[in-house]
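Analysis of the macromolecular model
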Amino acid sequence: MYRITELPPNAYLDWLQQQGFDEKQALHLKWLSKDMNEHDDYMADFMTVFQTIERWGPGTDADSLKALALLPTTPQNIIDIGCGKGFSTSLLAQHTTAHITAVDNEQNALDELADRLTKLQLDTRVTLSCSSMTELPFTEECFDLIWSEGSAYIMGVEQALQQWRPLLKRKGCMVFSDLVWLTNTPSPEADEFWQQEYPDMKTVEKRLAQIQQAGFEVIDHFKLSEQAGFDYYNPLKERVIALKPSMPESLAIADLEREIAIYERYPTEFGYHMFVLQK
Ligand SMILES: C[S@@+](CC[C@H](N)C(=O)[O-])C[C@H]1O[C@@H](n2cnc3c(N)ncnc32)[C@H](O)[C@@H]1O
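Quick look at the structure, then. (Residues numbered from 1 in each chain as written. Predicted model: local features only at pLDDT ≥ 70, side-chain atom pairs only at ≥ 80, totals over all residues.)

**Overview of the overall build of the protein**
Along its length, the protein carries 11 helices and eight strands. Taken across its 279 residues, the protein has 37% of its residues classed as buried. Within the protein, residue pairs in contact and separated by at least 24 positions form 75% of the contacts whose partners lie at least 6 positions apart. (Helix = DSSP H or I, 4+ residues; strand = E, 2+ residues; numbered from the N terminus. Buried ≥ 20, exposed ≤ 12 C-beta atoms within 10 Å, placed from the backbone. Contact = placed C-beta atoms within 7 Å.)

**Focus: unusual backbone geometry**
Despite not being glycine, Gln 121 has its phi angle at roughly 60°, a positive value. Within the element layout of this structure, Gln 121 appears in the loop between α6 (107-119) and β3 (126-130). Phi is positive for Glu 141, which is not a glycine, with a value near 55°. Relative to the assigned elements, Glu 141 resides in the loop between β3 and β4 (143-149).

**Quick word on the pairing of strand β8 (residues 270-278)**
With respect to burial, β8 is a largely interior element, eight of its nine residues being buried. Strand direction decides the pairing type here: strand β5 (residues 168-181) and β8, joined by nine bridges, are antiparallel. In the sheet register, Leu 179 faces β8, and the bridge partner there is Tyr 272. Taken together, the six bridges between strand β7 (residues 217-223) and β8 define a ladder with antiparallel strand orientation. From the neighbouring strand, Lys 223 faces β8, where its bridge partner is His 273. (Pairing = 2+ DSSP bridges.)

**Some details on the nonpolar core**
Ranked by internal contacts, the top residues of the largest apolar core, which has 62 residues, are Ile 79, Ile 146, Met 174 and Val 175. Counting residues per element, this core draws most heavily on β5, which supplies eight residues. Structurally, this core is a two-domain feature, drawing no fewer than three residues from each of domain 1 (9-54 + 228-268) and domain 2 (61-226 + 271-278). Not counting chain neighbours up to four residues away, the residues in contact with Met 174 comprise Ile 146, Leu 168, Phe 216 and Leu 277. (Core = buried A, V, L, I, M, F, W, Y, C linked by C-beta atoms within 7 Å. Domains from an automatic or database assignment.)

**Remarks on the environment of Glu 238**
Relative to the elements of secondary structure, Glu 238 occurs in helix α10 (residues 226-243). With 12 C-beta atoms packed within 10 Å, Glu 238 lands in the exposed category. For the pair Glu 238 and Ile 53, spaced 185 residues apart in the sequence, the C-alpha separation amounts to 10.0 Å.

**Considerations on the packing of α10 against helix α11 (residues 251-265)**
The description of two helices packed together rests on the angle between their axes and the distance between the axes. Where α10 meets α11, the closest approach of the two axes is 10 Å, and the angle between their N-to-C directions is 140°. Overall, the two elements α10 and α11 adopt an arrangement that is oblique. In this structure, α10 crosses over α11, and the sense of that crossing is left-handed. Residues Gly 229, Tyr 233, Leu 236, Lys 237, Val 240 and Leu 243 of α10 lie in contact with α11, whose contacting residues are Ile 253, Leu 256, Glu 257, Ile 260 and Tyr 263. (Axes fitted to C-alpha atoms, helices over the stretch in contact; angles between N-to-C directions. Parallel < 35°, antiparallel > 145°, perpendicular 65-115°, else oblique. Left-handed = near helix turned anticlockwise from the far one by under 90°.)

Here it is as structure tokens:
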């Protein structure tokens, strides 16, 4: 689910300017990404696709549990940022005794998570917060674990490391997954696609350097399993094929088709990586 344009139009513009782009550059970037007038239709189509998709990013329970097992301490107070429908949230609730705060700015996704937690009788262990990852409404040092699967890229990984770090108690941990380059010499087609969709994508080495620069110690890191990609892209591909006849002109559908094709064509050039860190 790679859309840097997923913030509302004005918020996106503000956000670009906060990142240091002047207004002209920000508008140019917006125009390059998507026509401003088509933004709402684009996002509506995008949400139509993802409505019935369970995972909103690559991941498996096994990969999440592997990261959880690497933590040096037992978390008591976790924040799951950009939780989507909350697979990681419910997994963490089942495999820890912690209280979990699950944050996303998509209320529909949080509603689905609420239903799942109720069915699992885990609802008293989780607080849902419909808020923005860029302005988290929590005080400093109130969590001992930040969890974020496939979401930190939205505000920029470096920015997320910097802005979220104060939320952690002393020696608190952070686990996040991110799409990384697995090669320094990507094929031109893959390079061109990701320059457009995720220009800040880095190699693992570059991300590790940024992580250390941000004041975290790297406990461990690993490539997500192949299953993580299948579990995300296979249902997504089926959904796109099913919807295309009724949405033949949709730019969102066209972009997702392209992303799936790039994933299928260049599986060795990029992939998801999990980082396990300590403050
Ligand atoms: C790629 S999805 C990952 C979702 C989930 N972690 C998963 O793996 O299924 C990114 C998530 O970030 C959420 N999101 C996007 N912008 C956000 C923001 N500004 N604040 C909070 N959440 C945001 C989206 O609604 C979406 O659920």
